[in-house]
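Each chain, written out:
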Amino acid sequence: MDERAFSAGQAFLLSAKLFWTHKLFGAVKDEVRTASPQPKTLADVAKVLSPSTTYAYFEWFERHLQKMKYSGRYGLVPHADGLRRDLLARLDVNSPLVQVDPALPMPDYYTSVDVHQHPGGVWSDELAGFVYEEGARSTTPAMGVKHADLHQRFTDLIVSEGKPKRILDMGCGFGKSTRPFYRDLPEAEVTAVDLAAPCLNVAGVQASQDQARNVRFLQKNAYETGLPAGSFDLVTSTMLLHEMPPEKIEATMAEAARVLAPGGRMVHLDFHMLPDAFARFIHYGHAVRNNEVYMEPWAEMDIAALLRKQGFTDVTIAPFAEADNVPPDAWRFPWTVISATKAA
Ligand SMILES: C[S@@+](CC[C@H](N)C(=O)[O-])C[C@H]1O[C@@H](n2cnc3c(N)ncnc32)[C@H](O)[C@@H]1O
């Protein structure tokens, strides 16, 4: 693929996504804000927006810009495919920081849908980690080039309450959520698990470049890690839970409780708190348009009740600001921090 055409194609898609994030979302929000009577329920919002041409454009842009980001003439997947040999040469399959397990079963919920519209998902092609890494740069377009800040802010929040020594990052992807922990806490031992070997391999390359010695990336299932009981002070995840069906979320919380030491803390960053019917309508629409099957059931879950039932104490659920100056009328994810303590 012609590199200049690819870059121009992706730059165009990003600009269009920014137009969607600010202008189109703002226009849709205005239609709901000025509706009379004011919509109070999901059905009320649907009644206002279903006949709206602006909302039809909003939906179309969201679905198809994402599709074009990954597939088609300037898509990330065909682009990576054209560079297959070079990209594979960048991976270190013998990295001491990464342990893959080719025999690890992939759950059905995980393999049956191309989440994010990423063809083949983040797990099936050896290059999927590179593709996901590049795709993730524009997942939060309102943040522009500062897309990595949110992981740093999340780590800062956790570290401000104490410095854990043994950390488990569940669903670490290509290591973007793990990196601030192993860099900022050189005294800590950081274990990161994910189902996707291609992502773990990219995480290993980054960690080697960072000359990290205190991290290991393991191909494991978050809800049955097989890691020793009571062996972590902190269990964390970022953007994992919304990808799981409710019963697997329950199992993941139980697994976190098992691997935590008594008094250990569990802190998850995900999309959960939706303040009103408009926010819910937009988020559930996003779930459909981005192939995120479990986003809605996760947002509807009473996670606080579940955690208390599982014996966690000190359960808190709070909104999270992904940047200092989040534009008030731009589209954004409903970032939420869910934390709890394993009883001492
Ligand atoms: C949206 S990504 C987030 C990655 C990373 N935490 C970040 O913030 O960039 C979700 C990750 O969860 C992983 N995942 C989904 N189900 C999992 C499971 N049962 N066990 C381990 N990882 C899982 C996926 O492979 C994917 O890498």
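Up top is the structure these notes are about.
Residues numbered from 1 in each chain as written. Predicted model: local features only at pLDDT ≥ 70, side-chain atom pairs only at ≥ 80, totals over all residues.

Taken together, 21 residues surround the ligand, and among them G171, G173, S177, A222 and T238 come closest. Considered class by class, the residues forming the shell around the ligand number 13 nonpolar, five polar and three charged. (Near = placed C-beta within 6 Å. Nonpolar A, V, L, I, M, F, W, Y, C, P; charged D, E, K, R; others polar.)

Within the largest apolar cluster, 64 residues are counted, with the highest numbers of intra-cluster contacts made by A128, A196, C199, A203, F217 and V235. Sort the elements by how many residues they give to this core and helix α10 (residues 197–209) lands first, with seven residues. Beyond its immediate chain neighbours, meaning those up to four positions away, A128 contacts G120, G121, V122, W123, A196, P198 and C199. Counting residues in each nonpolar core, the second largest holds 16 residues, with L13, W20, V45 and F281 among its members. (Core = buried A, V, L, I, M, F, W, Y, C linked by C-beta atoms within 7 Å. Buried ≥ 20, exposed ≤ 12 C-beta atoms within 10 Å, placed from the backbone. Helix = DSSP H or I, 4+ residues; strand = E, 2+ residues; numbered from the N terminus. Contact = placed C-beta atoms within 7 Å.)

Next up on the list: the pairing of strand β6 (residues 260–271). β6 sits mainly inside the fold: nine of its twelve residues count as buried. Read from strand β5 (residues 232–238) through helix α11 (residues 246–259) to β6, the crossover connection turns out right-handed. Pairing geometry for β6 and strand β8 (residues 335–342), over seven bridges, is antiparallel. What sits directly across from M266, in β8, is A340. (Right-handed = clockwise from strand over helix to strand, strands pointing away. Pairing = 2+ DSSP bridges.)

Turning our attention to the packing of helix α2 (residues 42–49) against helix α12 (residues 277–289). One can describe the packing of α2 onto α12 by two numbers: an axis separation of 8 Å at closest approach and a directional angle of 70 degrees. Of the possible angle classes, the one that applies to α2 and α12 is roughly perpendicular. Between α2 and α12 lies a crossing whose hand is right-handed. Of the residues in α12, those touching α2 at L42, D44, V45 and A46 are A277, F278, R280 and F281. Of the residues that constitute the contact of α2 with α12, the class distribution is six nonpolar, no polar and two charged. (Axes fitted to C-alpha atoms, helices over the stretch in contact; angles between N-to-C directions. Parallel < 35°, antiparallel > 145°, perpendicular 65-115°, else oblique. Left-handed = near helix turned anticlockwise from the far one by under 90°.)

Now for unusual backbone geometry. Residues S36 and P37 are joined by a peptide bond in cis, for which omega reads 0 degrees. Of note, P37 is situated in the loop between α1 (3–33) and α2. Notably, H116 is not glycine yet its phi reads approximately 65 degrees, a positive angle. Locating H116 in the fold gives a position in the loop between α6 (108–111) and α7 (128–136).

Strands sit in the order β1-β4-β3-β2-β5-β6-β8-β7 across an open sheet of eight strands; the sheet is mixed. Here the strands that pair on one side only, and so sit at the sheet edges, are β1 (98–99) and β7 (312–319). Bridge count between β7 and β8: six bridges; the pairing is antiparallel. Looking across to β8, one finds that I317 is bridged to I338. Against the sheet, helix α8 (residues 149–159) touches β5, β6 and β8, its axis set at about 150 degrees to β5.

What follows covers α11. With 14 residues, α11 should cover 20 Å at 1.5 Å per step; its first-to-last C-alpha distance of 20 Å lies within 8% of that length. Taken as a whole, α11 has its buried residues at I249, T252, M253, E255, A256 and V259. Down the axis of α11, the buried side of the element spans an arc of 160 degrees, and every buried residue falls inside it. (Expected span 1.5 Å × (residues − 1). Arc of directions from axis to C-beta.)

Bringing the pairing of strand β3 (residues 189–194) into the picture now. Where burial is concerned, most of β3 is hidden: five out of the six residues are buried. As paired strands, strand β2 (residues 166–170) and β3 are joined by five bridges and run parallel to one another. Pairing of R166 across the sheet is with E189, part of β3. As for the winding sense of the linkage, the β-α-β connection from β2 through helix α9 (residues 179–184) to β3 is right-handed. On the question of chirality, the crossover connecting β3 to the parallel strand β4 (residues 215–219) by way of α10 is right-handed.

Turning next to the packing of α1 against helix α3 (residues 53–70). Think of two packed helices as two axes; the pair is described by the angle between the axes and how far apart they sit. Across the interface, α1 lies against α3 with an axial gap of 9 Å and an inter-helix angle of 155 degrees. Taken together, α1 and α3 sit at an angle that is classed as roughly antiparallel. When you trace α1 past α3, the crossing you get is left-handed. Touching L13, A16, K17, W20, L24, F25, A27, V28 and E31 of α1 are T54, Y55, Y57, F58, F61, E62, L65, M68 and K69, all from α3.

Note: α-helices contain 3.6 residues per turn, so residues at a spacing of three or four share the same orientation. Along its 31 residues, α1 runs 43 Å from first to last C-alpha, staying within 8% of the 45 Å computed at 1.5 Å per residue. Taking the largest bend as the criterion, α1 deviates by roughly 35 degrees, centred on W20. Turning to α1, its buried residues are Q10, L13, K17, W20, T21, L24, F25, V28 and V32. (Bend = angle between axes of the 7 residues up to and from the residue.)

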